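Each chain, written out:
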Amino acid sequence: MDLASGVGGKINKAQVLDAVDKYEKYHVHYGGKQEDRNANYTDMVNKYYDLATSFYEFGWGESFHFAHRWNGESLRESIKRHEHFLALQLGLKPGQKVLDVGCGIGGPLREIAHFSSTSVTGLNNNEYQISRGKELNRIAGVDKTCDFIKADFMKMPIPDNSFDAVYAIEATCHAPDAYGCYKEIYRVLKPGQCFAAYEWCMTDAFDPNNQEHKKIKAEVEIGDGLPDIRSTTKCLEALKQAGFEIIWEKDLAKESPVPWYQPLDKNHFSLSSFRLTAVGRFFTRNMVKALEFAGLAPKGSLRVQDFLEKAAEGLVEGGKKEIFTPMYFFLARKPLSDNN
């Protein structure tokens, strides 16, 4: 019932079907153009997260991201370790002010705040996710030290040199322009401090002239609210152009003993992440269908489930062909002498 009531987020329940129509039309499968997605990225991403957040939380938990994973490690354990790794790379210390860019409902924010005893501010442009995150912060007991700002990460209402560290987990891929996004992060970060991120990228193995590769890329874009998936090279160039010094960077998916896409692979079965398996998705689909038929879930809910399943298929194929990674990691520093 939580899943049913959450579909549509802040969209009026009677208007969910119309929102699904408008969202789908942004994408290649429905004749949409990249220029339109870039120009209307705020509307597109907001519609996406209003429609998809409750599905994410139902299937994935509070942290909406993948993780490097060891053999014998559960998905939940790997997600926590992935977040701790980020905090350690940033060298977070108790009392520091940290910014989470594109924080979702704040799963990583709460984990990192507990792990490092820092004050984490989550920046998000989706009202539904922020209201959900505030409630979860209160339950977790971090509402006094952690908060949210509703804003576009392309133009943050934050003074220069405000934060001791900044991170982004599979979020800045929603930006229509990587340089513009990284430049804003550079501005709000204190000189001498670091920005770390896991980026969604196409790898060097992606061939833009290969029709199958293009189809996989389009499936991921519609299923995950993305204007365009950049290459690892483009991300690195944008970071340098924004003024950052690159400390190190690597596609962590390459050395993950358990494939990052395994939870979404229909050929894999797991009790610990049952809702993500083929059987779990079958049950979810039929549950959503029944809830929509009964009027308990808004019309259009099943179509949201459809494009999320399409995304899952694209992600698995992209992972197997090694043309896509959700964890291109980089650690970058803002120089002490800021000449920009």
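First, a word on scope: everything that follows refers to the structure included in this document. Computed from a predicted structure; not experimentally measured. (Residues numbered from 1 in each chain as written. Predicted model: local features only at pLDDT ≥ 70, side-chain atom pairs only at ≥ 80, totals over all residues. Heavy atoms only, no water.)

**As for the side chain of His-65**
The following threshold applies: By definition, any uninterrupted DSSP run of H or I lasting at least four residues is a helix, any uninterrupted run of E lasting at least two residues is a strand, and each is numbered from the N terminus. Working definition: with a 1.4 Å probe on protein chains only, accessible area under 20% of the residue-type maximum means buried, over 50% means exposed, and in between means partly exposed. The term polar contact refers here to a pair of N or O atoms within 3.5 Å; inside protein, the definition further demands a hydrogen-donor-capable atom paired with an acceptor-capable atom, and it admits residues adjacent in sequence only when both atoms are side-chain atoms. In this description, contact between two residues means that some pair of their heavy atoms is separated by no more than 4.5 Å.
You can see His-65 is positioned in the loop between α4 (41-60) and α5 (75-90). For His-65, a relative accessible area of 2% puts it in the buried group. Here Glu-83 takes part through its side chain, which lies 2.7 Å from a polar atom of the side chain of His-65. Every residue in contact with His-65, bar those within four places of it in the chain, is listed here: Trp-60, Ile-79, His-82, Glu-83, Pro-108, Ile-169 and Glu-170.

**Let's talk about unusual backbone geometry**
Trans peptide bonds make up most of the peptide bonds, and negative phi angles are found at most residues other than glycine. The phi angle at Ser-117 is positive, at roughly 55 degrees, despite the residue not being glycine. Locating Ser-117 in the fold gives a position in the loop between α6 (107-116) and β2 (119-124). Judged by relative accessible area, Ser-117 falls into the partly exposed class, the value being 46%.

**Overview of the packing of helix α8 (residues 178-188) against helix α10 (residues 232-242)**
Note the following rule: Here, axes are lines fitted to C-alpha atoms. For helices the fit covers the stretch in contact, and angles between N-to-C directions go from 0 to 180 degrees. What sets the label is the angle itself: under 35 degrees gives roughly parallel, over 145 gives roughly antiparallel, 65 to 115 gives roughly perpendicular, and the rest give oblique. Helix crossings are classified by the rotation of the near helix relative to the far one: an anticlockwise turn of less than a right angle makes the crossing left-handed, while a clockwise turn makes it right-handed. Here the term charged refers only to Asp, Glu, Lys and Arg, the term nonpolar to Ala, Val, Leu, Ile, Met, Phe, Trp, Tyr, Cys and Pro, and the term polar to all other amino acids, Gly among them.
As a packed pair, α8 and α10 sit with axes 8 Å apart at the nearest point and diverge in direction by 45 degrees. In terms of orientation, α8 and α10 fall into the oblique class. For α8 against α10, the interelement crossing comes out right-handed. Two secondary-structure elements touch here, α8 through Ala-178, Tyr-179, Tyr-182, Lys-183 and Tyr-186 and α10 through Cys-235, Ala-238, Leu-239, Gln-241 and Ala-242. In the contact of α8 with α10, the residues fall into eight nonpolar, one polar and one charged.

**Looking at α10**
Note the threshold: Comment: arc refers to directions from the helix axis out to C-beta atoms.
Looking at α10, one finds that the buried residues are Thr-232, Cys-235, Leu-236, Ala-238, Leu-239 and Ala-242. Seen along its axis, α10 keeps its buried residues to an arc of 160 degrees; they face one direction. When the buried face of α10 is taken as reference, the exposed residues oriented beyond 90 degrees from it are Lys-240 and Gln-241. Packed against the buried residues of α10 are α8, β5 (189-202), β6 (245-251) and β7 (324-333). Within two residues after α10, Gly-243 carries a phi angle of roughly 115 degrees, on the positive side.

**With respect to the sheet that holds β6**
So the rule is basically this: If DSSP finds at least two bridges between two strands, the strands pair.
Strand order across the open sheet formed by seven strands is β3-β2-β1-β4-β5-β7-β6, with mixed pairing between neighbours. Either end of the sheet is taken by a strand with one partner, and the two such strands are β3 (147-150) and β6. Looking at each pair of strands side by side, their axes are set apart by 20 degrees on average, direction ignored. Bridge count for strand β1 (residues 97-101) against strand β4 (residues 163-169) is three bridges, and the pairing is parallel. Of the residues in β4, the one forming a bridge with Leu-99 is Val-166. Sitting on the sheet, helix α7 (residues 127-140) touches β2 and β3, and the angle it makes with β3 is about 170 degrees. Strand contacts of α8: β1, β4, β5 and β7, with the helix running at about 155 degrees to β5, the strand carrying the most contacts.

**A look at helix α9 (residues 211-224)**
Rule in force here: In a helix, the anticipated span is given by 1.5 Å times the number of residues less one.
The first and last C-alpha atoms of α9 sit 20 Å apart over 14 residues, in line with the 20 Å expected at 1.5 Å per residue. Counting buried positions along α9 gives 10 out of 14 residues, so the element sits mostly inside the fold. Among all positions of α9, only His-213, Ile-216, Lys-217, Ala-218, Glu-219, Val-220, Glu-221, Ile-222, Gly-223 and Asp-224 are buried. A distance of 2.9 Å separates the backbone nitrogen of Glu-212 from a side-chain oxygen at the start of α9, and that oxygen is part of Asn-210. Gly-225, located one to two residues past α9, shows a positive phi value of around 65 degrees.

**Comments concerning the environment of Asp-265**
Take Asp-265: it is sitting in the loop between β6 and α11 (278-293). When the C-alpha positions of Asp-265 and Ala-312 are compared, they lie 8.0 Å apart, and in sequence the two are 47 residues distant. Residues contacting Asp-265, with those up to four places away along its chain left out, are Val-316 and Lys-320.

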